[in-house]
Amino acid sequence: MTQRALDSSGEQTPGSSRPAMIDAGAELDPVHPVGLPPSGHRATGLTTAEVAERVARGEVNDVPVRSSRSLTEIVRANVFTRFNLIIGVLWVIMLFVAPIQDSLFGFVIVANTGIGIIQEWRAKRTLDSLAVIGEAKPTVRRDGTAGEVSTHEIVLGDVIELGPGDKVVVDGTVAEADSLEVDESLLTGEADPVLKRPGDPVMSGSFVVAGGGAFTATKVGREAYAAQLAEEASRFTLVHSELRSGISTILKYVTWMMVPTAIGLIISQLVVKDNNFKDSVARTVGGIVPMIPEGLVLLTSVAFAIGVVRLGRKQCLVQELPAIEGLARVDVVCLDKTGTLTEGGMDITEVRPLNGSDEAYVHQVLRSLGSSDPRPNASLQAIIDAYPAGGDGKAAWAVTEAMPFSSARKYSGAAFTEADGTSSAWLLGAPDVLLPEGDPTLGEIDQLNEQGLRVLLLARVPSGELDAPDAAEGDVPTALVVLEQRLRPDAAETLKYFAQQNVATKVISGDNAVSVGAVAGKLGLAGAENTLDARRMPTDPDEMATAMEQNAVFGRVTPQQKRDMVAALQSRGHTVAMTGDGVNDVLALKDADIGVSMGSGSEATRAVAQIVLLNNSFATLPSVVAEGRRVIGNITRVATLFLTKTVYSVLLAILVVCSQVEYPFLPRHLTLLATLTIGVPAFFLALAPNRERAQPHFVRRVMRYAIPSGVIAAAATFTTYLIARHHYSGPGALEAETSAATLTLFLVAMWVLAIIARPYTWWRIGLVAAMGLGFLIVLVVPWLQDFFALKLVGTTLPWTAVGIAVAAAALLELSWRWVGRRFGA
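Residues numbered from 1 in each chain as written. Predicted model: local features only at pLDDT ≥ 70, side-chain atom pairs only at ≥ 80, totals over all residues. Heavy atoms only, no water.

Participant: What exactly am I supposed to notice about the overall build of the chain here?
Facilitator: Along its length, the chain carries 27 helices and 23 strands. Partitioning the contacts of the chain with sequence separation of at least 6, the portion at a separation of at least 24 is 72%. Surface accessibility of the chain: about 33,400 Å² in total, with carbon and sulfur atoms responsible for 58%. (Helix = DSSP H or I, 4+ residues; strand = E, 2+ residues; numbered from the N terminus. Contact = heavy atoms within 4.5 Å. Areas by Shrake-Rupley, 256 points an atom, 1.4 Å probe, with all protein chains shown as cover.)

Participant: For this particular structure, what's the right way to read the sheet that holds strand β20 (residues 553–555)?
Facilitator: To summarise the sheet geometry, strands pair through backbone hydrogen bonds and adopt either a parallel or an antiparallel arrangement. Taken in spatial order, the eight strands line up as β10-β23-β22-β21-β11-β18-β20-β19 in an open sheet, and their pairing is mixed. Because the sheet does not close on itself, it has two edges, and the strands there are β10 (316–318) and β19 (531–533). Taking the axes of each pair of neighbouring strands and ignoring which way they run, one obtains an average angle of 20° across the sheet. Here strand β11 (residues 332–335) pairs with strand β18 (residues 504–508) via four bridges, running parallel. Residue pairing across strands places V332 opposite A504, the latter belonging to β18. (Pairing = 2+ DSSP bridges. Axes fitted to C-alpha atoms, helices over the stretch in contact; angles between N-to-C directions.)

Participant: Can you walk me through a nonpolar patch on the surface in this structure?
Facilitator: A contiguous nonpolar surface patch, about 510 Å² in accessible area, is contributed by V92, L95, F96, I100 and F107. For the nonpolar patch, the element with the highest residue contribution is helix α3 (residues 82–97), accounting for three residues. Mapped onto the elements of the fold, F96 is located in helix α3. Given the relative accessible area of 67%, F96 is considered exposed. (Patch = residues over 30% accessible without salt bridge, like charges linked within 9 Å, V, L, I, M, F, W, Y side chains within 5 Å. Salt bridge = Lys/Arg side-chain N within 4 Å of Asp/Glu carboxyl O. Buried < 20%, exposed > 50% of the residue type's maximum accessible area, 1.4 Å probe, protein only.)

Participant: Help me understand the packing of helix α15 (residues 491–500) against helix α21 (residues 621–659) in this model?
Facilitator: For any two helices packed against each other, the geometry comes down to the angle between their axes and how far apart the axes lie. α21 packs onto α15 with a crossing angle of 30° between their chain directions and a minimal axis gap of 10 Å. With respect to α21, the element α15 is oriented roughly parallel. Counting all contacts with α15, which are made through T494, Y497 and F498, the residues of α21 involved are L621, P622, V625 and A626. For the contact of α15 with α21, the per-class residue count stands at six nonpolar, one polar and no charged. (Parallel < 35°, antiparallel > 145°, perpendicular 65-115°, else oblique. Nonpolar A, V, L, I, M, F, W, Y, C, P; charged D, E, K, R; others polar.)

Participant: Help me understand the pairing of strand β5 (residues 159–162), please; the structure alone is not making it clear to me.
Facilitator: Along a regular strand, successive side chains alternate from one face of the sheet to the other. Across the two faces of β5 the burial is the same, with V159 and E161 and I160 and L162 all buried. Looking at chain direction, strand β3 (residues 139–142) and β5 are connected through two bridges and run antiparallel. Bridge pairing links R141 to V159 in β5. Where β5 and strand β9 (residues 207–219) come together, four bridges link them in antiparallel fashion. Following the sheet pairing, I160 is matched in β9 by F215.

Participant: Is there a simple way to explain the pattern of salt bridges in this structure?
Facilitator: Oppositely charged side chains may form a pair once their charged atoms are brought near each other. Following the criterion strictly, the structure yields 20 salt bridges and no others. Salt-bridge contacts for R141 lead to E176; the nearest nitrogen and oxygen are separated by 2.8 Å. Placement of R141 in strand β3 and of E176 in strand β6 (residues 171–183) is noted, with a sequence separation of 35 residues between them. Classification of R141 as buried rests on a relative accessible area of 0%. On the basis of relative accessibility, which here comes to 0%, the residue E176 falls in the buried class. One salt-bridge network, in which partners are shared between bridges, spans D432, D533, R535, R536 and R556.

Participant: Even after reading the chapter, I still don't get the pairing of β9, so can you show me in this structure?
Facilitator: Burial analysis of β9 places 10 of its 13 residues in the buried class, which makes it a mostly covered element. Note: β6 against β9, 10 bridges, orientation antiparallel. Of the residues in β9, the one forming a bridge with D183 is F207.

Participant: Teacher, can you tell me more about the nonpolar core here?
Facilitator: The tendency in soluble globular proteins is for nonpolar side chains to be buried as a group. Counting residues in hydrophobic clusters, the biggest one holds 89 residues, and the most contacted among them are F105, I635, F698 and F775. Counting residues per element, this core draws most heavily on α21, at 12 residues. Apart from residues lying up to four places away in sequence, F775 is in contact with L672, L673, L676, T742, L743, F746 and L790. In terms of nonpolar packing, the next biggest core, distinct from the first, is built from 35 residues, C316, V516, L525 and I611 among them. (Core = buried A, V, L, I, M, F, W, Y, C linked by side-chain atoms within 4.5 Å.)

Participant: Any chance you could explain helix α17 (residues 541–550) here in plain terms?
Facilitator: Along an α-helix, residues three or four apart share an orientation, since each turn contains 3.6 residues. Turning to α17, its buried residues number three or more, namely M544, A545, A547 and M548. Viewed end-on, α17 has its buried residues packed into an arc of 165°, placing them on one side of the element. Its buried side turned inward, α17 meets β18, β19, β20 and α18 (559–571). Between the side-chain oxygen of the N-cap and the backbone nitrogen of D542 there are 3.2 Å, and the N-cap of α17 in question is D540. (Arc of directions from axis to C-beta. Polar contact = N/O pair within 3.5 Å; in protein donor to acceptor, adjacent residues only side chain to side chain.)

The analysis is restricted to geometry; functional conclusions fall outside its scope.
Shown next as structure tokens:
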């Protein structure tokens with residue numbers, strides 16, 4: 001097979017410019033070259049000995065593509081934190097000056113940190129295994145054969161084949177090119193594809209959008225242009241998350257409040273009060289420790305990690321953890337029809353000859369077109385299946401020129417030498433692109449499109465450059481190829497889910513808008529009748545945003561328009577998710593808030609997407625959305641618990657300093673309260689189902705409830721404590737005062753827990769009841785009374801403490817309802 005190629009001056013050069021995209025193990029035929037590398041012969045690649053020699057010299061693509069943090073980094077991140085340092089120092093002090101029960105908070109931190117390390121390690125293993133499954137392997141020529149190898153096994157000088165959708169994994173020089181168009185937008189920002197010829201450089205991080213070829217690796221490993229970018233893009237990370245940044249902001253303010261308050265408490269307890277030194281130290285530490293919301297960071301990490309594991313079991317690779325959170329915030333999902341709503345394959349239902357064309361001749365043209373492209377798309381594959389080479393005993397014609405399909409021009413083409421020696425050239429593509437407006441054939445095509453059928457036009461063109469901008473001028477319509485797309489059986493249910501969740505769905509496709517709308521209508525998409533041909537889409541961003549909001553289906557969309565559509569929606573404040581599997585989706589996937597790629601999609605789409613559906617099932621998306629909502633909604637709930645404790649601890653310390661009294665609690669008391677009202681219930685609540693749509697402004701949403709709750713809890717507790725100081729006297733008075741204050745604080749904190757646990761289910765009621773029962777057991781079992789230094793004395797003060805707690809609970813209810821009305825949900 002001979003084809004034409006253009007040299008850098010634009011002149012035709014002999015020989016072929018198309019690489020042989022052959023199966024692994026197939027022999028290369030040096031006698032019949034299919035490409036013209038600079039040296040004038042087909043590149044057969046390195047030998048096994050040459051590969052081994054380069055590996056020994058270290059000339060190998062050894063950049064570690066990590067999908068997660070190492071075990072050392074996980075341990076370091078969980079252990080060496082600011083608050084662990086503070087608590088660790090306080091824990092060591094308490095081990096020397098107080099009974100072991102006052103040091104329980106230290107053991108709790110050790111256990112929590114261990115849980116965090118184990119959960120993230122589990123998530124790392126899940127993520128790593130999924131990354132290996134989803135790894136794309138480039139085709140490399142060695143020893144005269146072509147086969148797939150892992151990216152990290154590529155060595156300097158390897159000849160690597162390229163086809164549509166393939167990513168350039170290392171830097172190199174083009175050895176063979178057949179209409180090879182490379183998109184370098186991820187590196188240069190330039191959206192237009194670049195036509196590559198033999199001798200031209202290609203950079204890692206770019207990807208092929210049309211044509212094919214091969215290149216020789218000239219830079220591998222860390223020397224490759226995009227090696228560090230690729231490593232960073234695929235790393236397991238917790239950055240760029242509103243949830244994480246919100247918690248960091250809260251912790252920063254907590255630190256600012258904690259430092260002066262702790263200093264004042266230390267001075268108050270150690271200098272002003274003439275108490276027993278060890279007891280003063282213990283009560284000082286008891287006032288500082290609860291100010292730290294240490295479990296909040298841990299619980300967030302654990303919730304994210306468990307989310308990764310859960311999604312991993314459903315064959316969903318989360319390449320960046322915030323993607324779980326991001327998809328939960330999405331209010332617009334943009335879908336590419338092919339591969340998302342429809343399965344990749346198609347079937348030919350009819351071929352309609354036009355203008356008196358001979359049907360047998362049309363079939364022969366289609367047979368030859370099918371054999372002209374070694375990497376057919378779904379439409380051409382359907383033609384190959386219906387008209388295979390050798391079918392009916394007829395072989396395909398000899399190909400003299402071929403032009404692969406491009407989503408930008410919407411058609412492909414080929415030129416042949418027919419059996420009788422005559423020449424012919426053909427285009428196959430979108431009828432409304434190849435035919436002029438008003439052509440009577442378009443009316444017939446519209447009727448087919450309205451049935452959800454896809455129609456291609458086969459047109460004969462004058463011999464000439466097929467890839468010329470005016471190649472379609474003067475074409476003669478020869479036949480309509482009618483294709484039926486295979487609907488995904490789970491697509492309708494998924495679209496219904498998004499509609500129920502108030503997530504707008506926009507179908508964006510390169511196909512005919514009416515046809516796409518018919519397919520979407522069959523699947524029950526709301527607003528499927530509102531279709532728009534993107535060639536009539538306004539270019540003004542604001543007008544485009546309006547058109548995007550008013551319509552649900554868009555056809556004949558170019559790759560650049562997909563990108564502009566995403567930007568237009570984002571300009572209106574929408575959080576946009578984009579799904580796709582083809583190279584024409586890459587730019588939009590990159591710019592969307594969340595990019596979702598199919599596992600079978602091109603390597604380029606998988607490289608830029610935050611979420612990869614390895615099972616190629618669009619139906620997995622609701623699971624990701626649900627997981628994100630569970631994580632965010634539950635962390636928002638339990639964060640209120642942690643920060644309520646921080647607020648009342650800081651206020652109690654301030655009240656103690658101002659009143660010049662002993663701090664009412666020992667560390668053991670607050671460890672008990674924190675465990676029963678925060679630690680244990682927060683763990684269960686954080687992992688509970690939650691379908692609430694994620695809302696923005698995390699810090700404001702949490703603090704608007706935590707501040708009034710903390711203020712009420714501190715005021716009620718300190719009131720009880722002051723009343724108890726006037727009621728009790730003599731030996732053991734401080735212990736009795738502490739017990740009464742502890743009872744009030746526990747009951748108020750339990751009421752906060754009861755509010756947060758709503759809406760009630762049987763297990764939520766059981767959880768709250770179990771925590772209350774735990775505290776009751778401590779109050780009635782003698783050895784637990786001694787262990788925690790809790791013993792209610794008399795009946796007057798205990799019932800007074802209960803009464804104050806009831807009043808505080810009523811205030812909590814009123815304040816929460818007022819906040820809900822005043823600041824919104």
